[in-house]
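Summary of structural features
Residues per chain, in single letters:
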Amino acid sequence: NEGGTLGVNIPPASATWAIGRQAEFLAGRLAAKLALEKLGCAPDLAGRVGTNPGRAPVWPSGFVGSIAHSGPFVWVTVARSDAYRSLGQDVEVRMPDSTAEKVAERIATPAELAFRRGTSMQPGEFLGLIFSAKEALYKTLNPLVDQYFDFLDATVVELDLKGESILFRLERELNGEFAKGTEYRVCFAWLDGRTHTALAIRTKGLLENN
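Remember, predicted model here, so these are calculated numbers, not experimental data. (Residues numbered from 1 in each chain as written. Predicted model: local features only at pLDDT ≥ 70, side-chain atom pairs only at ≥ 80, totals over all residues. Heavy atoms only, no water.)

1. Structural notes on the packing of aromatic side chains
Summed over the entire model, instances satisfying the criterion amount to seven aromatic pairs. On the basis of an interplanar angle of 50 degrees and a centroid distance of 6.0 Å, the ring pair of Phe73 and Trp75 is categorised as tilted. Its guanidinium or amino end placed over the ring of Trp17, Arg21 lies 4.5 Å from that ring's centre, counting from NZ or CZ. (Phe/Tyr/Trp six-rings, centres within 6.5 Å; stacked < 30°, edge-to-face > 60°. Lys NZ or Arg CZ within 6 Å of the ring centre and 35° of its normal.)

2. Topic: the packing of helix H3 (residues 97–107) against helix H5 (residues 123–145)
The geometry of H3 relative to H5 is characterised by a closest axis approach of 9 Å and an angle of 45 degrees between their N-to-C directions. Considering the angle they form, H3 stands oblique to H5. Crossing handedness for the pair H3 and H5: left-handed. Across from Asp97, Ala100, Val103, Ala104 and Ile107 in H3, the residues of H5 making contact are Pro123, Gly124, Glu125, Leu127, Ile130, Phe131 and Lys134. (Axes fitted to C-alpha atoms, helices over the stretch in contact; angles between N-to-C directions. Helix = DSSP H or I, 4+ residues; strand = E, 2+ residues; numbered from the N terminus. Parallel < 35°, antiparallel > 145°, perpendicular 65-115°, else oblique. Left-handed = near helix turned anticlockwise from the far one by under 90°. Contact = heavy atoms within 4.5 Å.)

3. Quick notes on the environment of Ala35
Inspection of the secondary structure puts Ala35 in helix H1 (residues 19–38). Along the sequence, Ala35 and Val103 sit 68 residues apart, while their C-alpha atoms lie 35 Å from each other.

4. Let's talk about the pattern of salt bridges
Evaluated as defined, the whole model comprises eight salt bridges. Salt-bridge contacts for Glu37 lead to Lys33; the nearest nitrogen and oxygen are separated by 2.5 Å. Of this pair, Glu37 and Lys33 both sit in helix H1, four residues apart, which is roughly one turn of the helix. Glu37 sits in the partly exposed class, given a relative accessible area of 27%. Among the residues examined, Lys33 registers a relative accessible area of 12% and is labelled buried. One salt bridge in this structure joins Lys139 and Asp90, with 3.8 Å as the shortest N-O distance. With Lys139 in helix H5 and Asp90 in strand S7 (residues 84–93), the pair connects residues that are 49 residues apart, well separated along the chain. Given a relative accessible area of 5%, Asp90 falls into the buried group. (Salt bridge = Lys/Arg side-chain N within 4 Å of Asp/Glu carboxyl O. Buried < 20%, exposed > 50% of the residue type's maximum accessible area, 1.4 Å probe, protein only.)

5. Remarks on the side chain of Gln89
You can see Gln89 is positioned in strand S7. Within the structure, the side chain of Gln89 is placed 2.9 Å from the backbone oxygen of Ser66, a separation counted as a polar contact. A polar atom in the side chain of Gln89 sits 3.3 Å from the side chain of Thr77. (Polar contact = N/O pair within 3.5 Å; in protein donor to acceptor, adjacent residues only side chain to side chain.)

6. Focus on the nonpolar core
Formed by 31 residues in total, the largest nonpolar core has its most connected members in Leu127, Leu137, Leu141, Ile166, Phe168, Phe178 and Tyr184. Among the secondary structure elements, those contributing two or more residues to this core are H3, H5, strand S8 (154–160), strand S9 (165–170), strand S10 (183–191) and strand S11 (194–202). It is H5 that provides the largest number of residues to this core, a total of ten residues. In this structure, Ala35, Trp59, Phe63 and Ile67 belong to the second largest nonpolar core, which totals ten residues. (Core = buried A, V, L, I, M, F, W, Y, C linked by side-chain atoms within 4.5 Å.)

Function-wise, these values are silent; they only describe arrangement.
Right under this line is the structure:
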């Protein structure tokens, strides 16, 4: 049985987690509970946001959402499933340039990295943005395709710094609906030294930046 804290169900396995991880989990689920209640979700259901084997949130029937953590802060976005099929958001602190050099090939292709040439962005700032945007894309699509896909399975088609958006194209088929060549636009913003990215897919199949 799961234990309860502040009306939020906590999995028994959390007893083995570090204190910081426990606090992060509780903060995210508590914020989710409050947001769900504002949308009309019953309090007992709002406090039961579960976790799937991939550690992603499992939302109450009739709702979708996304949780992002960065340092001591947590961000939660929720919506009714009759309006949105899926939401994905990510928040990251700026990546050091030294880290960007080490992980660049795992996150972006040479063609994607070339987009930085037309900007004044430093390597860590640029790659951190691409990393976060791909995380938001993954969080949005993963619940719909129920399978893992890699950073290199989606590539940048367009980087719009003025409009604060990145257009991605899938480089492999995830399922019949999410086919190779399908494009998704992730929006972004830099706030308080952090990169915020998000994508929302409407229930009717239309894409909308969030």
